[in-house]
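Residues per chain, in single letters:
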Amino acid sequence: MHTRVTALLGTRYPIIQGGMQWVGRAELAAAVSNAGGLGVLTALTQPTPDALADEIARCRRLTDQPFGVNLTLLPTASPPPYEAYLDAAIAGGVRVLETAGRSPRRFIDKAKAAGLVVVHKCTSVRHALSAERDGVDAVSIDGFECAGHPGEDDVGGLVLIPAAARQVKIPLVASGGIADGRGMAAALALGAEGINMGTRFCATVEAPIHPRIKQALVDAGEPQTRLIFRSLRNTGRVLDNAVSREVIARETRPGGCGYEELRPLVAGARGRAALEAGEVDDGLVWAGQVVGLIDDIPDCATLIQRIVTDCRQRLHAAAQAFGLPPGAPR
Ligand code: NAD
C-alpha cells in the first residue's frame, strides 16, 4: 500500500495508532510499528520530559521501525511544559510529531527544522486548513464518532472526511469511527490516504491496560459511549460507566456545574488507576463508537494484517463490481 501518507511516515501501511492518554506507551507503539503501522507514544502520559526521553529510548529498543510522539494541546488541570516534551521528542530522534487539539502553530517551525514530520489531528475542516497554512505535513481529520475530544461541531466522518478531502491539499488521514477493513476502504474511497485508530488499538494484546478494560470494549455496543464536558465546550467521548453518568448528571442538573466540581471524577490520574486496576466503573474510560465493531483482542500484527487484507479485498471487489480500475481518484 503506497500513498503519500506511507511516503511521509516511512511505514509499510498508512495506519497510525493515534496518541492516547495512558495507553500510548512503548509496548503498544513498538508493536504497531513492527506490524507496519505508525506507533505513537503519548507525551503527556509521561510525568516529565525526561521520562518521555526514557520512553522513546525504550520504544527504540523494541522496534527499529519509525514511530511518533503525540503532543495534545487541550485544557489540562495543570499546564504541562509542552516545549520541553517537544525537545525530548527531537532529541530522541522520533520521525513523526502528532499534534492534536488546539493549533500547533507555535511548535511547527521548531519541529520541522529538526526534521520531524508533523501530522496535526483536528476535528473541523477550518482547523485542518489553518494547520495546512501553518505548514504541517499532513492532517488527521477526526470525525464525531471518535474517542476523546471530538470538538463541538458534531460532524461525522462520512461528511467530514470528504469535506476535508475536497479542500486540503496535503495528505489526509481519516480518524474516528474506523476499526476494520470496511472502515479503511471507506476512508480511502472518501479521499483519505491513510487511517488513524485509537480505541481499536486499546483492545489488543499489547495495549498496556488491564484485560478487564479490553473486555469492556469488546462487550460494549456502538450506543454505549457518552459525551461529557459538553457544558464546558471541551466535549469528550468516553465509555458509558458510573463515572461518565455522574459527570453528565452534574453537568445537566439545573444550574449545571463548573470544572472544579467534576475534577475529582475526571482527573487523569483516576482514569489511569482504573485502566491499570481493571475497574471499569472507577474512572473515565475514553472510547469511540467503534466499540460496536470490536469483537476480539488480537495482537497488533494480526489486527493490522486483517484490516489491510480486508480493505484490499473490499476495494478490489467494489472496483470489479462497478467496472472501475482499482485506485480511486482523490
Ligand atoms: P487532566 O487530569 O488535566 O484533565 C482531565 C480531563 O479534564 C481532560 O479531558 C481535560 O481536557 C479536562 N479538563 C482539564 N481542565 C479543564 C478545564 N479547565 N475545563 C474543561 N476541561 C478540563 O488531564 P489528563 O487526563 O491527564 O490529560 C492530559 C491531556 O490529555 C489533556 O489535555 C486531555 O485533554 C488530553 N486527553 C485527551 C484524550 C483524548 O482521547 N483525546 C483523552 C484523555 C486526555
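Analysis parameters
Residues numbered from 1 in each chain as written. Predicted model: local features only at pLDDT ≥ 70, side-chain atom pairs only at ≥ 80, totals over all residues. Heavy atoms only, no water. Disulfide = S-S within 2.5 Å. Domains from an automatic or database assignment. Buried area = accessible area lost by both parts, 1.4 Å probe. Salt bridge = Lys/Arg side-chain N within 4 Å of Asp/Glu carboxyl O. Polar contact = N/O pair within 3.5 Å; in protein donor to acceptor, adjacent residues only side chain to side chain. Nonpolar A, V, L, I, M, F, W, Y, C, P; charged D, E, K, R; others polar. Helix = DSSP H or I, 4+ residues; strand = E, 2+ residues; numbered from the N terminus. Buried < 20%, exposed > 50% of the residue type's maximum accessible area, 1.4 Å probe, protein only. Arc of directions from axis to C-beta. Contact = heavy atoms within 4.5 Å. Core = buried A, V, L, I, M, F, W, Y, C linked by side-chain atoms within 4.5 Å.

Asker: Where do I start with the state of the cysteines in this structure?
Answerer: Such a bond, covalent and formed between the sulfur atoms of two cysteines, is termed a disulfide. Counted by the stated rule, this structure contains zero disulfides. Cys-146 provides the cysteine sulfur closest to Cys-122, a residue in no disulfide bond, and the two sulfurs are 11 Å apart.

Asker: What is the right way to read the domain arrangement of the protein from this model?
Answerer: In many analyses, interface size is given as the accessible surface area lost on bringing the parts together. Assigned domains of the protein: these are domain 1 (4–208 + 298–321) and domain 2 (211–289). Each of domain 1 and domain 2 has a C-alpha centre, and these two points are 23 Å apart. Overall, the association of domain 1 and domain 2 removes approximately 1800 Å² of surface from exposure, summing both partners, and the carbon and sulfur fraction of that is 52%. Together, Trp-22, His-149 and Glu-152 form the three largest contributors to the area buried by domain 1 at its contact with domain 2, with a combined 32%. The interface formed by domain 1 and domain 2 includes three salt bridges. With its nearest N and O atoms 3.9 Å apart, the salt bridge here joins Arg-25 to Glu-276. If you look at where domain 1 meets domain 2, you find 15 residue pairs in polar contact (both at pLDDT 80 or more). Grouping the amino acids of the side of domain 1 that touches domain 2 by side-chain chemistry returns 13 nonpolar, six polar and four charged.

Asker: Got a minute to help me understand the environment of Arg-245 in this structure?
Answerer: As for its position among the elements, Arg-245 is in helix α11 (residues 242–252). When the C-alpha atoms of Arg-245 and Arg-61 are compared, they prove to be 41 Å apart, with 184 residues separating the residues in sequence.

Asker: Which parts of the structure should I look at to understand α11?
Answerer: Residues that lie three or four places apart on an α-helix share one face, since the helix turns once every 3.6 residues. All buried positions along α11 are accounted for by Val-243, Ser-244, Val-247 and Glu-251. One face of α11 carries all of its buried residues, which in axial projection span an arc of 95°. In the core, the buried residues of α11 are packed alongside β9 (225–228), β10 (236–239), α12 (259–266) and α13 (268–277). One side-chain oxygen of the residue at the start of α11 lies 3.0 Å from the amide nitrogen of Val-243, identifying that residue as Asn-241.

Asker: Please explain the nonpolar core as it appears in this structure.
Answerer: A general tendency of soluble globular proteins is for nonpolar side chains to be buried together. Judged by nonpolar contacts, the single largest core of 82 residues is most densely connected at Ile-15, Leu-71 and Phe-201. Lining this core are residues from two domains, each supplying at least three of them: domain 1 (4–208 + 298–321) and domain 2 (211–289). If sequence neighbours within four positions are ignored, Ile-15 has contacts with Gly-37, Leu-38, Met-184, Ile-195, Met-197, Phe-201, Ile-304, Ile-307 and Val-308. Counting 11 residues, the second-largest nonpolar core is a separate cluster that includes Leu-38, Val-40, Val-96 and Val-173.

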